[in-house]
Amino acid sequence: MAKNTTTEFLKETSNSLIWTRSCDKETIKPVEGQVKGELPPWLSGRLTRNGPGRTGFGDTNFKHLFDMSALIHQFTIRDGKVTYQSRYLQGDTYKKNLKANRIVVGEFGTAAYPDPCKTLFQRFMTFFTPLKIDMTDNCLVSVCHFGDELYALTETNVMRRVDPETLDTVGEKTMLEEYIGVNTATAHPHVDPDGTVYNMGSSFAGKKGPRYSIVKFPPPAVVNGQKKSSVEQASLVSTIPCQWKMRPSYYHSFGMTDNYFIFVEQPFVLNLKTFLINVFIGKSFLHATEWHGKEKTKFHVVRRDTGEIVSTKFVSDAFLVFHHNNAYEQDGHLVVDMCAIESGEVVSQFLTKNLSKEEFRTDPKDLPLLRRFVLPLDTKNAPMNTNLVTLNDTKCTARKQKDGTIFVQGQLLSRNSIDLPRINYKFNAKPYTFAYGVEVNPLGVQFCRLVKINVRTGETQLWHEEGRLVSEPVFVAAPDATREDEGVVLTTLLDKKDPTYVALLVVDPASWTEVARVEFKAQGIVTQTFHGQFAGTEEAVHIF
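Definitions and cut-offs
Residues numbered from 1 in each chain as written. Predicted model: local features only at pLDDT ≥ 70, side-chain atom pairs only at ≥ 80, totals over all residues. Heavy atoms only, no water. Pairing = 2+ DSSP bridges. Helix = DSSP H or I, 4+ residues; strand = E, 2+ residues; numbered from the N terminus. Axes fitted to C-alpha atoms, helices over the stretch in contact; angles between N-to-C directions. Buried < 20%, exposed > 50% of the residue type's maximum accessible area, 1.4 Å probe, protein only. Arc of directions from axis to C-beta. Contact = heavy atoms within 4.5 Å. pLDDT = per-residue confidence, 0-100. Polar contact = N/O pair within 3.5 Å; in protein donor to acceptor, adjacent residues only side chain to side chain. Core = buried A, V, L, I, M, F, W, Y, C linked by side-chain atoms within 4.5 Å.

### Describing the sheet that holds strand β34 (residues 460-463)
With antiparallel pairing, the 4 strands of this open sheet are ordered in space as β31-β32-β33-β34. Taken across any chain shown, the strands that pair with only one partner, and hence form the sheet edges, are β31 (419-422) and β34. Direction aside, the axes of adjacent strands within the sheet are offset by 25° on average.

### Digging into helix α2 (residues 92-100)
What α2 keeps buried is the set Thr 93, Tyr 94 and Asn 97. End-on view of α2: buried residues confined to an arc of 100°, all on one side of the axis. Buried residues in α2 make contact with β3 (45-54), β4 (56-57), β6 (69-78) and β7 (81-88).

### Side note on the confidence of the model for the protein chain
Averaged over every residue, the pLDDT of the protein chain is 91; the share at 70 or more is 93%. Confidence drops under pLDDT 50 across residues 1-15; counting only partners more than four residues distant or on other chains, this segment forms 29 contacts. Scored below 50 in pLDDT, residues 118-132 makes 12 contacts in the model with residues more than four places away or belonging to other chains.

### Overview of helix α4 (residues 272-281)
Of the residues making up α4, those classed as buried are Leu 272, Phe 275 and Asn 278. Relative to the axis of α4, the buried residues are bounded by an arc of 115° and lie together on one face. Of the residues in α4, the exposed ones pointing more than 90 degrees away from the buried face are Lys 273 and Ile 281. The N-capping residue of α4, defined by a side-chain oxygen 3.1 Å from the backbone nitrogen of Lys 273, is Asn 271. In the segment just after α4, Gly 282 is the residue with positive phi, at about 80°.

### Overview of the nonpolar core
One finds Phe 146 and Leu 490 to be the most contacted residues of the largest nonpolar core, which totals 100 residues. Here this core gets 7 residues from one element, more than from any other, and that element is strand β38 (residues 501-508). When residues no more than four places from it in sequence are discounted, the contact partners of Phe 146 are Tyr 151, Leu 153, Met 159, Val 197, Phe 217, Ser 230 and Val 231. Judged by nonpolar contacts, the second largest core, of 38 residues, contains Tyr 260, Tyr 328, Val 408 and Val 451.

Structure follows, in structure tokens:
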């Protein structure tokens, strides 16, 4: 673990355009890496990661980081040896773009380019045809096992199944609207120990206006002699009405405790009227998003057993959150930890025109910080202007206002930037001590350092290596572990000068030091990733 000043660190980590790399050749056939150090003998399984792999097609380029073609990476650990492979997700969107040699399906920040074969009159007439949006199946954000099936996920209502051995794309795309009525879904589900998967989605149509839905995917089962997959058994747990009828909130993840779901409705919204107009005039989804910083962020609490929405209304000053870290119940309170950002304007900073500039630097106030909020559950007869948080180990407050809402103020758990947070998932929905993530460097929005935060004390530890970039750390618990931090943390290393270099880094979470690394020479350029999941060889259920 190296120590240096912020100025030195910024200078050291400059001159890298990692997000604008484009994979020119997949590593389809697994290659074996060189092991340095000693891998734990019990470590066996697959680390599958997902992220942007291609910056454009032909003369057309994606305009936002969240749009690039999905590239799946996988490290397979078996008998002390490790292999690496990568493959583009062979979805309909990728195939259409490849065939046309241009971007023909719109993404979050990139509109589809006009068909050059159509005359101006034909394009004009399409404005008067029934609205039909070709929803992307470019699932580039994360992966998750639904039972024994591995899926690539994004933020539409489409999932793509992936063969965990070959990384081939399997079958047709899975449209969630065929099983449950949602138009979008998150790429951050929760997985219960029994294999039940929970997720959230939005529905924009209906007499009552937009709503948010909590969805349940039970473990695979045999029904009347036929196997039913998790997706085929999908059902709604609860629906939450949108507080802004024509402006549903954007969200990327949600919280879950043993007895409750926590959904944060934030004032970064999709203006549906603008969105429909943009469909016709050829603008992207991003151009219909709005940040309303004077509005409040609202916490919705839902009972897991009944789907009932808790009537208490919790609000705070506006903030943006992509990633929840953990949530749990303690002495009549809900403790909710997340990586919060002051402003929703940060989303536009991920435009490729910014990320392709050596000198681009994001505003430090737009960096995510680990923040805790505490929601008291019993507020019925609570007095006004009194702190209702009675926990001894927090500076969080919650006060009843004249209109009956509970205004909550959070607490910073560390002043060090952190994103892509992970925990020992066996402590998900339970009191915990350690959070692991990446530090987001303002210069180029790079993931340069690994971060470990003790959420009880605020103690923060960093790991980095000059010239290398890290990825989201994934915690793997040791068999029969007796401590929360007993196991390993897996991350990847990319080299800023050698684009074909990739390594699997194994870190001891207790000492926050390197245990081993496995280095590879890929067949082509290796790109950065967002999220991943480890699937242990002996596991019946694959959690996060």
